[in-house]
Amino acid sequence: MKRVFWSALAAFGLIAAIAAAVNPVDAADHLDAPNVQLDGRVDINDVYVFQSPENPDNTVLMMTVNPAAGVLSPTTFDRRASYRFQIDTNGNGRRNRTITVRFGQENSDGSQTVTVFGPRGRSRGVTGEGMDLRGGGRAIVGTFDDPFFFDFQAFQDQVKGAGGDRVFCDNHATDFFAGLNVSAIVLEVPSDLITARNSTEIGVWAETIRRGKVDRMGRPAIATVLVDDGSEDRFNRTMPHQDRARFGDQVRDNLLFLSGLDGSGYTEDEAESISDVLLPDILTFDTASSDGFLNGRQLADDVIDTALFIVTGGLGENGSAVLDGDCVDGNDQPFSQTFPYLAPAN
């Protein structure tokens, strides 16, 4: 039965967005590595890339930082840091376009100046207020509801509780991230500014830079789940085109472990092939398509359910269900179909 799910994974390049640490804040990429745990302002929680619901000719690029903003983290951005969207237009795992966002000192009202260095030049604004981008598009930066949704207790029951009968959501579905905020950078740009000529396909990842690269993220939870503990900072400093050579073995071995929690598991060859699909850690996206995950990642995409089902194989050796999701099917607040698409801050 595992081979059915391996085939789906290999075909679509799915990554397991699951929590692997005791601290439930680690569930996405929140506080995923030692360096970012020192300062949530440069900790990339999640990256989203999707076709604009308001204009199909535009692409939305979004990153969130500051896990539990206002509680564990500030609600401001680091003025010494650069926040970057890196865009690969030819599929070689190297950047061809870069959009950089930088911030000024905090003002008396708590706001900061925002400078976006986009495809057509520099644009300036203030956090909490929408701004137009030079050459077309718009942006807003500020505090919003955390769009990531996940039932940490269900994960503990169903995955970490290996052996015997496992609990399946028994009416206790609880979104750990309900009521928590993040700081978000939301850009909407004409797709033809970030694609190669005669192409609609791109790869996207986000980076935070402060005296060197601090964090990076493409797909959900690579560094949290499939990279060995203690290797996260080294992974974050690596360029995506180096991922397979430097971390392919770790990803393969962790896939073997995760898929074997129910007593079955992938073969080593299967896990090797899957690691070749999952790396490099880049969100691939066709700007001409309105589909969600695995095409980019939309806010409402339930990446946890899909990923858990495939990575664990979904079925045990006797054909009984092992894992079909984390019990939470959506965010605690509804998303909007209008810019900036996120739910307002709690």
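These numbers come from a predicted model, not from an experiment.

About the thresholds
- Residue positions within a chain follow its written sequence, with the count starting from 1.
- Confidence filtering applies because this is a predicted model: local features only for residues at pLDDT of at least 70, side-chain atom pairs given and counted only at 80 or more, and all residues used for totals across whole chains, interfaces and linings.
- No hydrogens and no water enter the side-chain calculation; it runs on all heavy atoms of the structure.
- For two strands to be treated as a pair, DSSP must find no fewer than two bridges joining them.
- Numbering of helices and strands runs from the N terminus, with a helix taken as a DSSP run of H or I at least four residues long and a strand as a DSSP run of E at least two residues long.
- For salt bridges, the criterion is a side-chain nitrogen of Lys or Arg within 4 Å of an Asp or Glu carboxyl oxygen.
- Burial classification: accessible surface area is computed with a 1.4 Å probe over protein chains only, and a residue below 20% of its type maximum counts as buried, one above 50% as exposed, and the rest as partly exposed.
- The aromatic pairing rule takes the rings of Phe, Tyr and Trp, using the six-membered ring of Trp, and pairs them if the centres are within 6.5 Å, calling planes under 30 degrees apart stacked, those over 60 edge-to-face and the rest tilted.

Participant: Got a sec to walk through the pairing of strand β6 (residues 121-126)? Specific residues and values, please.
Facilitator: The pairing of strand β5 (residues 112-118) with β6 spans six bridges and is antiparallel. Bridge pairing in β6 places Val114 opposite Gly125. Linking two consecutive strands that pair antiparallel, namely β5 and β6, is a turn of two residues.

Participant: I'd like a rundown of the pattern of salt bridges, residues and numbers included.
Facilitator: As enumerated under the stated definition, the model contains 13 salt bridges in all. Two residues, Lys213 and Glu207, come together in a salt bridge whose shortest N-O distance is 3.6 Å. Note on accessibility: Lys213 and Glu207 belong to one class, buried. We note a salt bridge from Glu272 to Arg252, for which the minimum N-O separation is 3.1 Å. Separated by 20 residues along the polypeptide, Glu272 in helix α7 (residues 268-278) and Arg252 in helix α6 (residues 243-259) bring together distant segments of the chain.

Participant: Describe in detail the packing of aromatic side chains, supporting the description with residues and values.
Facilitator: Under the defined criterion, the tally for this structure stands at nine aromatic pairs. When the ring of Phe176 is compared with that of Phe177, the centres are 5.2 Å apart and the planes differ by 85 degrees; the resulting orientation is edge-to-face. On the basis of relative accessible area, Phe176 is assigned to the partly exposed category, the value being 32%. Phe177 gets classed as buried once you look at its relative accessible area, which sits at 1%.

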